[in-house]
Amino acid sequence: MLLSLAKFSRILHLDPLARTARVQPGVRNLAISEAAAPHHLYYAPDPSSQIICSIGGNVAENSGGVHCLKYGLTVNNILALRVVTIEGEILEIGATALDSAGYDLLALMTGSEGMLGVITEVTVKLLAKPERAQVLMAGFDDIEKAGAAVAAIISAGIIPAGLEMMDKLAIQAAEDFVHAGYPLEAAAILLCELDGTNEEVSEEIKRVHDILQSSGSTSLRTASDDAERLKLWAGRKAAFPAVGRLAPDYYCMDGTIPRKRLAEVLARIRDFSQHYGLRVANVFHAGDGNLHPLILYDANKPGEMARAEAFGAKILELSVEVGGTITGEHGVGVEKIDQMCVQFQPKELTLFHALKAAWDEQGLLNPGKAVPTLHRCAEYGAMHVHQGQVRFPGIPRF
Amino acid sequence: MVELILDQFTEAIRQAIARQRPVRIRGSGSKDFYGGAPQGEVLDTTAYRGIIDYAPEELVITARAGTSLVEIEAALAANGQMLPFEPPHFGPRATLGGCVAAGLSGPRRASLGAVRDFVLGVQIMDGNADQLRFGGQVMKNVAGYDVSRLMAGSLGTLGLILDVSLKVLPRPKAEATVQFECDEAQALQKMNRWAGEPLPISATCYHDQVLTLRLSGAETAVQAAQAKLGGQALAAGEDFWRGIREQSANFFRGNAPLWRLSVPSTAALDLPGKCLIEWSGALRWVFTEAEAGVIRAAAEQVHGQGTMFRGTAKPQSVFHPLPKPLMDVHRRMKRAFDPHGIFNLGRMYSDF
């Protein structure tokens, strides 16, 4: 049975002095910021789908966005939830006060993919709109240098509002699509946005400019006004649809890795790309290590979709291998459920099942999602052991 | 060495299961006063110490539960970084494990977040003596339920925390503390209004007709905010905020029970006794002899809740009682982690 919350689309209460908004789960992310705008407030998490994505879904997935290194994820920006349990009990979780009694069920509920209860109300925190925001763009002839520049900015004690990286194929696709003015010859570009008070931004822009200059950037530009800032961001925000123009289909991955392993991870993704015979464009939330490789394929060509999926699985397993995770913000659902077996040991999965049972003993909410059964993991493991006997023997596996 | 200590933990938990006797998880004991009266045999975590990994440019530190906060903060300070939630120590040897288990945050909480906001990953030993790892050392991670953050503030009732990975942040380049004279209603109004403006306010405190603010950020930004807001500069700002955080300030000297009320920031609260306000109004410390029921009713009236923070005669429940359906969920979750009911019995609520 499908339980749609799309009609729960009202903003119930907005308190500008206390800086909170109580909304129904079907309210769009951007609509909250729009409602808060007259009070010079906004809701910080801004996933790139913010025009259409709903806050209920954001809570279910713990969505991030380009500003989450500085402003946090959904879990850091919500105060309270009203949840209906499978038993029909209504629970008030969290509070408009900052702390509440008992376990941090607000954290548990965030990112739980609808497995534990049905969210019927969300109270979010609103923040003061920064006085000023300014963006710099730097091009690099080597992706490793771009990665080092990111580390240098953060080591200098600066937390940019946004810090995004794109590789050559992503740059070309975006430039071709929105003409943002990106350097086409670059192997990677960095977009670094600073926000805060006027004085803070003036000081940090200067420091970041110096860092980027001494990090071996081949081109460097500071947006002089808001129009230019938005144009530079337009390329990044349109990166997914832009890449979508390069091939009939693309498969978006969502691993998170420790930033210091970036160059190595990208090199190995290049190897995978050659091995599977599929192109890949990389878009990277560089500040927080969340990598979105977009694998290009054509579903109409026999075997390509399966190859793309196998390629994607390798990327996720690589993310775990270097100390990261299979999903930074998109969630597990059913698509990444097999990779959960790579990230977690049976005893950890068993605890997840016990937690699920503490809320939903019969497993009626979103059955089959988010956490694999141990049986499934055993079968998934077997798939790798007996290489010759899997469903697509023609696909290279390594 | 480390393996040996883990073996001891495993053995202690297995013994506790076998004998059906509770285990009391304890670091330095700096927060022994907090929560329900501890019961059971002490499981001392202090030997399981040390920073496992710290990469300043990744903004992540991982350390064992017995590591002292002093050691962690010194390592961070050497790299110009800090624990963003500014935890109270309440003792010279306060440990990371205790800090996360207690879930208490300091003055910076309203602007940057609480302990739970910065927990990225944990390794725990559950009630079957199994070692489990959740979360990781990366900023974004939505694989599986967020057990790591759940540990923050769980008072050791769900498991023995072995190590924790935390997100850290750069220390502000400059800080200044300014004071204003006003009454409580004006202070609440000002704190909330300013929090909604682009000002670099990192802490607030109101007590006895004086509103104190801390400004943090780039030198020029702090100066500009100071010029805009006015007020009287307080030279010994650092001491002031330490006094609030560690409760060594004059206000906290008293014998009456000390209540910690968490309420919506704009709420007007009417209780007998002396009061100190933090977190732009969201945290109220109240010394009062009033009955627990009276205090909690006042808090509930403004949609808040109250903890008896310090006091000799503790009420039946130190923490605010939960509605039955919520309590049932808590009990079932406790059983999922600790099926034999051995960890920190009675520390949070009477039966867990």
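Residues numbered from 1 in each chain as written. Chains lettered and ligands numbered in written order. Predicted model: local features only at pLDDT ≥ 70, side-chain atom pairs only at ≥ 80, totals over all residues.

## Description of the domain arrangement of chain B
All names here are of chain B. Here the domain parsing of chain B yields domain 1 (2-170 + 332-337) and domain 2 (174-310). Here the C-alpha centroids of domain 1 and domain 2 sit 27 Å apart. Looking at the side of domain 1 that touches domain 2 residue by residue, the class counts come to five nonpolar, three polar and three charged. (Domains from an automatic or database assignment. Nonpolar A, V, L, I, M, F, W, Y, C, P; charged D, E, K, R; others polar.)

## Details of the sheet that holds strand S2 (residues 20-23) of chain A
Residue and element names in this part refer to chain A. The five strands are arranged S1-S2-S6-S4-S5 in an open sheet whose pairing can be described as antiparallel. The open sheet is flanked by strand S1 (11-15) and strand S5 (90-94), the only strands paired with a single partner. The sheet shows a mean angle of 15° between the axes of neighbouring strands, direction not considered. Strand direction decides the pairing type here: strand S4 (residues 78-84) and strand S6 (residues 118-125), joined by six bridges, are antiparallel. (Pairing = 2+ DSSP bridges. Helix = DSSP H or I, 4+ residues; strand = E, 2+ residues; numbered from the N terminus. Axes fitted to C-alpha atoms, helices over the stretch in contact; angles between N-to-C directions.)

## Regarding helix H7 (residues 184-195) of chain B
Residue and element names in this part refer to chain B. With twelve residues, H7 extends 16 Å between its outermost C-alpha atoms, agreeing within 8% with the 16 Å of an ideal straight helix rising 1.5 Å per residue. Of the residues making up H7, those classed as buried are Ala187, Leu188, Met191, Asn192 and Ala195. For H7, the angular spread of buried residues about the axis comes to 120°, placing them on one side. If you follow the buried residues of H7, they end up packed against strand S11 (201-207), strand S12 (210-217) and strand S15 (274-278). (Expected span 1.5 Å × (residues − 1). Buried ≥ 20, exposed ≤ 12 C-beta atoms within 10 Å, placed from the backbone. Arc of directions from axis to C-beta. Contact = placed C-beta atoms within 7 Å.)

## Some points on the interface of chain B and chain A
A common way to state how big an interface is: give the accessible area lost once the parts meet. With 67 residues of chain B in contact, the opposing surface of chain A contributes 75 residues. With seven residues, the single largest contributor to the side of chain B that touches chain A is helix H11 (residues 324-337) of chain B. Among the residues forming the side of chain B that touches chain A, the class breakdown is 33 nonpolar, 20 polar and 14 charged.

## Structural notes on the packing of helix H6 (residues 143-155) of chain A against helix H11 (residues 262-276) of chain A
Residues and elements named next belong to chain A. It is the contact of H6 with H11, at a shortest axis distance of 9 Å, that shows an interaxial angle of 150°. Judged by the angle between their axes, H6 and H11 are roughly antiparallel. The crossing of H6 and H11 is right-handed. The segment H6 lies against H11, with Ile143, Glu144 and Gly147 engaging Leu262, Ala263 and Leu266. Along the lines of polarity and charge, the residues of the contact of H6 with H11 split into four nonpolar, one polar and one charged. (Parallel < 35°, antiparallel > 145°, perpendicular 65-115°, else oblique. Left-handed = near helix turned anticlockwise from the far one by under 90°.)

## Considering the packing of H6 of chain A against helix H8 (residues 198-214) of chain A
Residue and element names in this part refer to chain A. Across the interface, H6 lies against H8 with an axial gap of 9 Å and an inter-helix angle of 145°. Remark: the crossing between H6 and H8 carries right-handed chirality. Of the residues in H8, those touching H6 at Ala149, Ala152 and Ile153 are Val208, Ile211 and Leu212. By residue class, the composition of the contact of H6 with H8 is six nonpolar, no polar and no charged.

## A look at the environment of Arg253 of chain B
Mapped onto the fold, Arg253 of chain B is located in the loop between helix H9 (237-245) and strand S14 (258-262). Taking the C-alpha atoms as reference points, Arg253 of chain B and Phe287 of chain B, 34 residues apart in sequence, are found 9.7 Å from one another.

## Here we look at the sheet that holds strand S3 (residues 51-55) of chain B
Residue and element names in this part refer to chain B. Read from one edge of the open sheet, five strands run S3-S4-S8-S6-S7, paired in antiparallel fashion. Two strands close off the open sheet at either side, each with one partner strand: S3 and strand S7 (131-135). Across this sheet, the average inter-strand angle for adjacent strands is 10°, counted without regard to direction. Pairing of S3 with strand S4 (residues 60-64), which is carried by four bridges, proceeds in the antiparallel orientation. Across the sheet, residue Ala55 finds its bridge partner in S4, namely Val60.

## A closer look at unusual backbone geometry
Residues and elements named next belong to chain B. In this model, Gln247 sits at a positive phi of 60°, which is unusual for a non-glycine residue. Within the secondary structure, Gln247 is located in the loop between H9 and S14. Positive phi outside glycine occurs at Asn344, with the angle close to 45°. By the secondary structure assignment, Asn344 is in the segment after H11.

## Describing helix H14 (residues 346-359) of chain A
Residue and element names in this part refer to chain A. Under the 1.5 Å per step criterion, the end-to-end length of H14 is 20 Å for 14 residues, consistent within 8% with the ideal 20 Å. Within H14, the full set of buried residues consists of Glu348, Leu349, Leu351, Phe352, Leu355, Lys356 and Trp359. Angular distribution of buried residues about the axis of H14 spans 155°; they occupy a single face of the element.

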